[in-house]
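What follows is each chain in one-letter form.
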Amino acid sequence: MDLFSSTKLDLEEHITDLNLPKFRAKQLLDWVYKKGITDTKKMTNLPHSLQESTLGIVILPLKEKLIQRSKDLTQKAVLELSDGELIETVYIPEQNRATVCFSTQVGCAMGCEFCATGKSGFSRNLSAGEIVGQLYYWKHTKKLSVTNAVAMGQGEPLANFENFKKAIDIINDPDCFGLGARHLTVSTCGIVPKIRALKEAPWQINLSVSLHAPTDELRSQIMPINNKFPLKELIEVIEEYIEATNRRVTFEYTVVPGFNDGKENAKFLIELLRGLLCHVNVIAVNPIEGKGENAFSAEQFAKLISRDLNVTLRRSRGSDIDAACGQLKRKVIE
Ligand code: SF4
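Not measured: the values here are computed from a predicted model.

1. Considering the overall build of the protein chain
Moving on, step 1. Counting its secondary structure elements, the protein chain contains 13 helices and 12 strands.
Moving on, step 2. Taking 20 Å as the expected radius of gyration for a compact globule of 334 residues, we find that the protein chain reaches 21 Å, a close match to that expectation.
Moving on, step 3. Dimensions along the principal axes, computed over C-alpha positions, put the protein chain at roughly 70 × 45 × 35 Å.
Moving on, step 4. For the protein chain, the proportion of its 334 residues judged to be buried stands at 36%.
Moving on, step 5. Across the protein chain, the fraction of contacts at a sequence separation of at least 24, relative to all contacts at a separation of at least 6, is 65%.

Pasting the structure below:
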């Protein structure tokens, strides 16, 4: 059994099947998650049987293949999975918090136009342990503080729903990784039935939706998922989600000058989101050298919608490293 894929209950069942007392599970979890020790020989309060042979319990931290550090202190790592597949994870330190962006799939089948991962196609889902392992890597292998985590790396988290849910169970459990649900966010391109299922989960994490366009006509051009679940259905399920959870939903809107900016799109966006308990993150694309006008346009757009909607202007972090999702992994492969 893979420890990072195991809830406390899974581990307790395994331990009691071995005729060991249940509290050994908690001791083992404390060594791994509280002390950052994965070598059972160093777990001095465990009985010999558990120290010498792990009795079918595998504890395998993910292997670092490459890491890049940005001037703004953002770090991005490529990690290797047991079958040789590669994934990316990002660490973003800020004044009062430090956020890990983690992947949920190897590649992605959603095919968003603007995304390097989407262009490389889909290989496989990550296990719950491979998801938890990314947070473990930053906290215990790199010995950094982790206060928040966002499912916003490679892959669509809600397309790997069962493993994602199990990973959140483990990340959220105070006896395991121990991050509170309010510090966890899932970012989705908008898989409507899974958003509906998410509101039934025992924990209530933050929901962020990649919107990037205010009309079906525009959104379908860059996000194929919009053909399956158009904006009307997406907004309806978000209304249900807000009603059930009373949580504010975030919409991500990357301003691409000449495509989704301007007064008319601002008006459409206000009409679409009016009355929703929501926040809009307007994101400026990293200015290409000598083309700083991109950033200005995002600022103008944020101003246009700010009288009617809650809005924050954001800039992508780590602009001096291969920050776009999928870029760094490609570098390792090449
Ligand atoms: S943006 Fe997200 S959902 Fe879209 S292709 Fe990229 S990884 Fe997949």
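Structure's up, so let's keep going.
2. A word on the nonpolar core
Moving on, step 1. In terms of nonpolar packing, the biggest core is built from 79 residues, with Val132, Leu135, Ile171 and Ile305 touching the most fellow members.
Moving on, step 2. No other element matches the 7 residues that helix α5 (residues 128-141) contributes to this core.
Moving on, step 3. Three or more residues apiece are contributed to this core by two domains, here domain 1 (3-52) and domain 2 (63-333).
Moving on, step 4. Setting aside chain neighbours within four positions, we find Val132 in contact with Phe4, Ala167, Ile170, Ile171 and Phe177.

3. Some points on unusual backbone geometry
Moving on, step 1. Even without being glycine, Leu73 reaches a positive phi, approximately 80 degrees.
Moving on, step 2. By secondary structure assignment, the location of Leu73 is in the loop between β1 (63-69) and β2 (75-80).
Moving on, step 3. Classification of Leu73 as partly exposed rests on a count of 13 C-beta atoms within 10 Å.
Moving on, step 4. Here Asn246, not a glycine, exhibits a phi torsion of approximately 60 degrees, which is positive.
Moving on, step 5. Residue position: Asn246 is located in the loop between α10 (231-245) and β10 (249-255).
Moving on, step 6. Classification of Asn246 by C-beta neighbours within 10 Å gives exposed; the count is 9.

4. With respect to the site of the ligand
Moving on, step 1. The local shell around the ligand holds 12 residues, among which Cys108, Met110, Cys112, Cys115 and Gly118 are the closest.
Moving on, step 2. In terms of residue class, the shell around the ligand is made up of 6 nonpolar, 5 polar and 1 charged.

5. Some words on the sheet that holds strand β7 (residues 148-151)
By definition, the strands of a sheet pair up through backbone hydrogen bonds, in either a parallel or an antiparallel sense.
Moving on, step 1. Spatial ordering of the open sheet is given by β1-β2-β3-β4-β7-β8-β9-β10-β11-β12, a layout of 10 strands whose pairing is mixed. Looking at the sheet topology across the chains shown, the edges are occupied by β1 and β12 (311-315). Each strand axis lies, on average, 25 degrees off the axis of its neighbour in the sheet, ignoring direction.
Moving on, step 2. As paired strands, strand β3 (residues 86-93) and strand β4 (residues 98-102) are joined by 4 bridges and run antiparallel to one another. Opposite Pro93, over in β4, you have Ala98 as the bridge partner.

6. Notes on the pairing of β3
Moving on, step 1. Within β3, 6 of the 8 residues are buried, which leaves it mostly tucked inside the rest of the structure.
Moving on, step 2. One ladder, built from 6 bridges, connects β2 with β3; its direction is antiparallel. Looking across to β3, one finds that Lys76 is bridged to Val90.
Moving on, step 3. Counting the residues that bridge the hairpin from β2 to β3 gives 5 residues, and of these Gly84 lies at a positive phi of roughly 90 degrees.
Moving on, step 4. Counting the residues between successive antiparallel strands, the hairpin from β3 to β4 contains 4 residues.

7. Examining the environment of Thr141
Moving on, step 1. When you line up the elements, Thr141 lands in helix α5.
Moving on, step 2. Since 17 C-beta atoms lie within 10 Å of it, Thr141 is described here as partly exposed.
Moving on, step 3. In this structure, the C-alpha to C-alpha distance between Thr141 and Lys63, residues 78 residues apart in sequence, is 9.6 Å.

8. With respect to the domain arrangement of the protein chain
Moving on, step 1. Each domain of the protein chain was delimited in the assignment, giving domain 1 (3-52) and domain 2 (63-333).
Moving on, step 2. The gap between the C-alpha centroids of domain 1 and domain 2 is 34 Å.
Moving on, step 3. Domain 1 puts 8 residues into the contact, and the matching count from domain 2 is 15 residues.
Moving on, step 4. The greatest single-element share of the side of domain 1 that touches domain 2, amounting to 3 residues, is contributed by helix α2 (residues 23-34).

9. Re the packing of α5 against helix α6 (residues 161-172)
Moving on, step 1. Viewed as axis vectors pointing N to C, α5 and α6 meet at an angle of 45 degrees, and their least axial separation amounts to 8 Å. Between α5 and α6, the interaxial angle falls into the category oblique. Note that α5 runs across α6; the crossing there is right-handed. Two secondary-structure elements touch here, α5 through Ala128, Ile131, Val132 and Leu135 and α6 through Asn163, Phe164, Lys166, Ala167, Ile170 and Ile171.
Moving on, step 2. Here the contact of α5 with α6 is composed, by residue class, of 8 nonpolar, 1 polar and 1 charged.

10. Describing α10
Because the α-helix completes a turn every 3.6 residues, residues three or four places apart line up on one side.
Moving on, step 1. When the terminal C-alpha atoms of α10 are compared, their 21 Å separation across 15 residues agrees well with the 21 Å that a helix rising 1.5 Å per residue should span.
Moving on, step 2. Buried positions along α10 lie against α7 (192-198), β9 (206-210) and β10.
Moving on, step 3. Downstream of α10 by a residue or two, Asn246 has a phi angle that is positive, lying close to 60 degrees.

Rules of the game
Throughout this document, residue positions are counted from 1 along each chain, in the order its sequence is written. Local features in a predicted model are, by the rule used here, given only for residues with pLDDT of at least 70; side-chain atom pairs are given and counted only at 80 or more, and totals for whole chains, interfaces and linings are based on all residues. Each helix is a run of DSSP H or I of at least 4 residues and each strand a run of E of at least 2, with the numbering of both proceeding from the N terminus. To get the radius of gyration, use the C-alpha atoms; to get the globule rule, take the number of residues to the power 0.38 and multiply by 2.2 Å. Buried means a residue has 20 or more other C-beta atoms within 10 Å of its own C-beta, exposed means 12 or fewer, and partly exposed covers the counts in between; C-beta atoms are placed from the backbone. Our contact criterion uses C-beta atoms placed from the backbone: two residues qualify when those atoms are within 7 Å. The term nonpolar core refers to a group of buried residues, namely Ala, Val, Leu, Ile, Met, Phe, Trp, Tyr and Cys, whose C-beta atoms join them within 7 Å. Boundary definitions for the domains trace back to an automatic or database domain assignment. A residue counts as near a molecule or strand when its C-beta atom, positioned from the backbone, falls within 6 Å of it. When residue character is reported, Ala, Val, Leu, Ile, Met, Phe, Trp, Tyr, Cys and Pro are called nonpolar, Asp, Glu, Lys and Arg charged, and the others, Gly included, polar. At least two bridges found by DSSP between two strands are what make those strands a pair. The convention used is that axes are lines fitted to C-alpha atoms, helices contributing only their stretch in contact, and that angles between N-to-C directions extend from 0 to 180 degrees. For this classification, under 35 degrees means roughly parallel, over 145 means roughly antiparallel, 65 to 115 means roughly perpendicular, and everything else is oblique. Crossing handedness is defined as follows: a turn of the near helix away from the far one that is anticlockwise and smaller than a right angle gives a left-handed crossing, while the clockwise case is right-handed. For a helix, the expected span equals 1.5 Å multiplied by the residue count minus one.

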